[in-house]
Amino acid sequence: MAVQEKTRRGSEFAQKAANLRSDLLDPEKDFTKDELLKLQEQISVFEQRAQAAAGFTPDEEIDDQGGDKHARRHAPEGSGTRTPSDADENGVSRRRQSAFVARQAELRENINEAFGGMDSFILAMSYRGKEPLTTPQQRVLQELEKFQKRTIVGTSGDASKAEVLLPLEQVEQIFMVDNTVDGIASQARRYVMSGRTLRIPHVKQTNGANTRPMAGIANVSYHTEAQEKEQREVTFDQRVMEAYKVAAYSELGDEILVDDMTGQLQSSVSGLVGGQILNFINEQATFDGRGEAQDELLGAFNPANPALYKVVRKTQNRFKYEDAVEMLARHILGPKSRWYMSSSVLPDLLQLAIGTTTLVTFVTDMKGKPGMQLFGIPIVFTDIMPTIGQQADVALGNADFYAYALRTALTIESSRDYKFRADVTALRMFARAAGLSIPDGTYSYKAVASVKSYEKSPFVVLDDVYAA
């Protein structure tokens, strides 16, 4: 029988099985128990006949490829020294043949144990795209799929010049690169948020009109007896956080879900896309967010942050020791203070020099691992920060001064009904988050004529402007 004819007849049987399975899944049709079992049996028969008609039985495929006498003759077991009880007329070990049969029996037993019989196994496969399998069932299915064979089609450059059958082996886990990024949201002050907005009261300590703005208290001075005290009221304010929705949408064909041999396809997609939603929130909270006026989170190191302090760069497109010293001097230090740097800053960081003396401050020798601290403050390398030479390529932030809230945690939902006609499973993922800096300006302990004497901030960045 020609290959094309076998394929056609196999397709006809497979189509009949598919039609019966469609009837089985039709919610408008009712079946008795006997009718259901009979329908399952018919599906199984048509699928087996489809495989036989397509020529996927082991003996047929071996014969189509010229037989295996030559392979048996040169097999390690075919030395001719075995007794008839140990090998057949070609010298092939009967123990190997029995191992194959034993493996079949083992898989059959595992199917009965995990699914409760072949009928239940067929029914579970029919509903696989709609109802998830249990962990034992997934494990048995993976073992079964490894045991099967598939045709590998040779290309024009393939030495085999034809189709060959090889055992199908596949790694059980899907390989993917972790795309998690770090940012200020990882350390920020967390708030519980049940409504659309959240108000955070704070003492107004950033106004230069107060003589001692950072003190946030009545003006303290010397007074003679009976002298009237100068009045200065403590000022309070509120910062309003608003939750914004961030979302992503993806689609998976039902066919690829059914054919998934790892059982991890949908979870992997959910993990990658859902993880990127959290990354996006972190990016917005750290640098990209432009604030409430643009219906976005406010980035701690974004130029729109009114509490941001910018340090003039010593040398254009470089990060110098003098820059780090000036940034530290302007920073309000705390236990959650971190350096946030683009990894493009690393070459300059590892070659910092003090004055004209080249001093390797991070690596004592080529064997040592660089210490990821600068002036005792941990360094976070994250590529959500701008590359070297741009404003905020190096930032020093105290996350205690940044407010972050999740009104709705990451939610992942799937639906086959949305695109039922297209046989597509739709995935939507969303979260609602809010974030802003609590202070609305820089701090200074003293002010003279409403001018802050020495500005400091929990959010300090290296400016793209450089000293002439």
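1. Section: the sheet that holds strand E3 (residues 189–192)
Spatial ordering of the open sheet is given by E3-E14-E15-E6, a layout of four strands whose pairing is mixed. Looking at the sheet topology across the chains shown, the edges are occupied by E3 and strand E6 (244–253). Put simply, the sheet's adjacent strands are angled 30° from each other on average, direction ignored. One ladder, built from four bridges, connects E3 with strand E14 (residues 402–419); its direction is parallel. The residue of E14 that forms the bridge with valine 192 is leucine 406. Most of the contacts of helix H9 (residues 265–288) go to strand E15 (residues 424–437), to which it runs at about 20°, and overall it touches E6, E14 and E15.

2. Regarding the sheet that holds strand E7 (residues 309–313)
By way of backbone hydrogen bonds, the strands of a sheet pair with one another, either parallel or antiparallel. Read from one edge of the open sheet, six strands run E7-E18-E13-E8-E12-E11, paired in mixed fashion. Among the strands making up the open sheet, the edge pair consists of E7 and strand E11 (373–374). Of the strand pairs in this sheet, strand E13 (residues 394–398) and strand E18 (residues 459–466) are connected by three bridges, and their pairing is antiparallel. Counterpart to glycine 397 in the pairing with E18 is phenylalanine 459.

3. A short note on a nonpolar patch on the surface
A cluster of nonpolar side chains, namely Val203, Val234 and Phe236, defines an oily patch on the protein surface of about 250 Å² accessible area. Here valine 203 is to be found in strand E4 (residues 197–203).

4. Brief notes about the nonpolar core
For soluble globular proteins, the rule of thumb is that nonpolar side chains tend to be buried together. Ranked by internal contacts, the top residues of the largest apolar core, which has 32 residues, are Ile184, Ile281, Phe301, Tyr402 and Phe459. If you list the elements that add at least two residues to this core, you get E6, H9, E14, E15 and E18. Of the residues forming this core, the biggest block, six residues, is contributed by H9. Ranked by size, the runner-up nonpolar core spans 18 residues in total, among them Ala324, Val345, Ile377 and Leu462.

5. Observations concerning the pairing of strand E12 (residues 377–381)
One face of the sheet, then the other: side chains in a regular strand alternate in exactly this way. Bridge count between strand E8 (residues 337–341) and E12: three bridges; the pairing is parallel. Pairing of methionine 341 across the sheet is with phenylalanine 381, part of E12. Of the pairings in the sheet, the one linking E11 to E12 comprises two bridges and is antiparallel in character. Each bridged residue has a counterpart across the sheet, and for leucine 374 the counterpart in E12 is isoleucine 377.

6. What about the pattern of salt bridges?
Side chains that differ in charge, positive against negative, can pair when their charged atoms come close. Applying the stated rule across the entire model yields twelve salt bridges. In this structure, lysine 204 and aspartate 237 form a salt bridge, with 3.8 Å as the shortest nitrogen-oxygen distance. With lysine 204 in the loop between E4 and strand E5 (236–242) and aspartate 237 in strand E5, the pair connects residues that are 33 residues apart, well separated along the chain. A salt bridge links arginine 318 to aspartate 348, with the shortest nitrogen-to-oxygen separation between them at 2.9 Å.

7. Considerations on the environment of valine 461
When you line up the elements, valine 461 lands in strand E18. Looking at valine 461, the relative accessible area reads 0%, which means it is buried. In the structure, valine 461 is positioned 138 residues away from aspartate 323 in sequence and 9.8 Å away in space, judged by C-alpha atoms. Not counting chain neighbours up to four residues away, the residues in contact with valine 461 comprise Phe301, Leu308, Tyr309, Lys310, Val311, Met327, Gln391, Ala392, Val394 and Ala395.

Calculation criteria
Residues numbered from 1 in each chain as written. Predicted model: local features only at pLDDT ≥ 70, side-chain atom pairs only at ≥ 80, totals over all residues. Heavy atoms only, no water. Pairing = 2+ DSSP bridges. Helix = DSSP H or I, 4+ residues; strand = E, 2+ residues; numbered from the N terminus. Axes fitted to C-alpha atoms, helices over the stretch in contact; angles between N-to-C directions. Contact = heavy atoms within 4.5 Å. Patch = residues over 30% accessible without salt bridge, like charges linked within 9 Å, V, L, I, M, F, W, Y side chains within 5 Å. Areas by Shrake-Rupley, 256 points an atom, 1.4 Å probe, with all protein chains shown as cover. Salt bridge = Lys/Arg side-chain N within 4 Å of Asp/Glu carboxyl O. Core = buried A, V, L, I, M, F, W, Y, C linked by side-chain atoms within 4.5 Å. Buried < 20%, exposed > 50% of the residue type's maximum accessible area, 1.4 Å probe, protein only.

By themselves, these figures tell us nothing about what the structure is for.
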